[in-house]
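# Observations on the three-dimensional arrangement
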Amino acid sequence: MSQLPASAPSFWRGFACALAGALLWGFSGACIQFLAEGYEAQSTFISFVRAATAAVLFAAFLLARRRESLLALASSAAARPALLLFGIGLYLSQITYAISVALTNAGTATVLQATCTVFVMLYTCLRARRLPRTLDFLGLVCALTAAALIATQGDWGVIVLPLAGLAWGIGNALSETLYILAPQGLYGRFDRLSIIGCGMVIGGVCAAIVWLAGGLWGDAPCVPALDAAGWLALVVGVGVLGTFAAFGLFLYGVSVVGSVRGSLLGVAEPVGAMVIAALWLATPFSAADWAGLALMSAMIVLVSLSGARDSSKRGDD
C-alpha cells in the first residue's frame, strides 16, 4: 500500500525528527570512536549495550504510556512477520557495519552504507512502477557524493574493497533497507512508537544472543575496563542518545516523510559525526569536509522542497 503524502505540519515534524535522529547517530559514532581508541571496547559488546539500553527504555515507555497500543500490536498475528524483520534489520545494521569497518576501513564502510538510499529508492520506484522524482534523485546524488567526500577526505585511494568487505558492506546497506521498509505497511494501522519500540526490543534480544554466544568470531564475551567517562559515553552517548533517541526520532520521521526521503536524510549521519569529532575530539575540518557539508545541505534543501511540494498538492486536493 503506497503511503500518502504527509500534510505540511506533519511533514516538517517528520523531516526534523529524521534529520535529528541521523545527527544523533553521528554523535554516537564519535562516542564509539572514543570507546574504541581509549578503551579497546569490542563492537559486539558496544552493540549489545546500545541495543539493550534502547530496548529497556522503549519497553518501559510503552508499558507506561502506550500499553493499549502495544497490546493491540502484539496481539496481531499479521503484524508479527514485519516486526520480526524490522527488529532483525535494526540489529544487523549495527553489527554488519562494525564488521564492514573491520574488513575494509571506516571510509569504505561509510560509503557502502550510504548505498542504502539507492536500494530504498529502487525498491520504492519498482513497486510504484514509476521513475524517481527529480528532486529526490538529485538529493540522492548529493547525499552519496557528500558521504563519499567526508568518508574518504577526497582521497579515493583509501577505498579498500576485498570481496568479503564488499559483501559485508552491501549486507549493511541491505539491512538498513530492511529496517526502513519492513514496517512501512504497519504505520498506518498501529501506533508508530509501539512499532518502533517492538522493533528495538527484538533488536536488543538479537544483540544479547550474539554477544552471549561469543560474537560472530567465536571470542568469549568481554567487558572492557571502563571508567566513569567510558560508561557515560557508552550508556548515555551510545545507548540513550545514539540509539534510543536517534532510532526513535529517525524511524518516527521515516514513518511520516516516507522511506525514500527518510533514507536520504539518514545519510546526514557523517555530518553529525564530523561536527562532533571536531568539537569533542579536536579533529580538524578539511576542504573535503566543507564540500561534503555543502552537498549535504543541498540534499536537505532538495528533500525539503520535494516533500513540501507533495504536502501542498495534498492540501490542494
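Residues numbered from 1 in each chain as written. Predicted model: local features only at pLDDT ≥ 70, side-chain atom pairs only at ≥ 80, totals over all residues. Heavy atoms only, no water.

### Describing the packing of aromatic side chains
The test is simple: Only rings of Phe, Tyr and Trp enter the pairing, Trp through its six-membered ring, and a pair is recorded when the two centres are within 6.5 Å. The plane angle decides the type: under 30 degrees is stacked, over 60 is edge-to-face, the rest tilted.
One pass over the full model with this rule turns up seven aromatic pairs. Ring centres 5.7 Å apart and planes at 75° place the aromatic pair Phe-34 and Tyr-39 in the edge-to-face group. Taken together, Phe-11, Trp-12 and Phe-15 form an aromatic cluster joined through their ring pairs.

### A few points about the environment of Ser-43
The test is simple: By the criteria applied, helices consist of DSSP H or I runs no shorter than four residues and strands consist of E runs no shorter than two, each listed in order from the N terminus.
Considering the arrangement of structural elements, one finds Ser-43 in helix 2 (residues 43-65). Spatially, the C-alpha atom of Ser-43 lies 9.0 Å from that of Gln-94, the residues being 51 residues apart in sequence.

### Description of helix 8 (residues 163-181)
The test is simple: Here a helix's expected span is defined as the number of its residues, less one, multiplied by 1.5 Å. Between buried and exposed lies partly exposed: a residue is buried under 20% and exposed over 50% of the maximum accessible area for its type, with that area taken using a 1.4 Å probe on protein chains only.
Taking 1.5 Å per residue, 19 residues should reach 27 Å; helix 8 reaches 27 Å between its end C-alpha atoms and fits that length. All buried positions along helix 8 are accounted for by Gly-165, Gly-169, Asn-172, Ala-173, Ser-175, Glu-176, Thr-177, Tyr-179, Ile-180 and Leu-181.

### Digging into the side chain of Ser-194
Here is the rule: Counting of polar contacts relies on pairs of N or O atoms within 3.5 Å, with two restrictions inside protein: one atom must be capable of donating a hydrogen and the other of accepting it, and residues adjacent in sequence are counted only when both atoms are side-chain atoms. Should any heavy atoms of two residues lie within 4.5 Å, those residues are considered in contact.
Within the secondary structure, Ser-194 sits in helix 9 (residues 192-212). Within the structure, the side chain of Ser-194 is placed 2.8 Å from the side chain of Asp-191, a separation counted as a polar contact. When neighbours within four sequence positions are excluded, Ser-194 is seen to be in contact with Leu-62, Arg-66, Ser-69, Leu-70 and Leu-73.

### Points about the environment of Ala-98
The residue Ala-98 is located in helix 4 (residues 80-103) in this model. Among the residues examined, Ala-98 registers a relative accessible area of 19% and is labelled buried. Ala-98 sits 56 residues away from Gln-42 along the chain, and the two C-alpha atoms are 9.5 Å apart.

### A short note on the packing of helix 3 (residues 67-74) against helix 9
Heads up, the condition is: Interaxial angles span 0 to 180 degrees and are taken between N-to-C directions of axes, which are lines fitted to C-alpha atoms, for helices over the stretch in contact. It is the rotation of the near helix from the far one that decides the hand of a crossing: anticlockwise by less than a right angle makes it left-handed, clockwise makes it right-handed. Note on residue classes: Ala, Val, Leu, Ile, Met, Phe, Trp, Tyr, Cys and Pro are nonpolar, Asp, Glu, Lys and Arg are charged, and everything else, Gly too, is polar.
Contact pair helix 3 / helix 9: the axes reach a minimum separation of 9 Å and the direction vectors enclose 65°. Crossing angle aside, the handedness with which helix 3 passes helix 9 is right-handed. Between helix 3, through Ser-69, Leu-70 and Leu-73, and helix 9, the contact on the second element is made entirely by Ser-194, Ile-195 and Cys-198. Looking at the contact of helix 3 with helix 9 residue by residue, the class counts come to four nonpolar, two polar and no charged.

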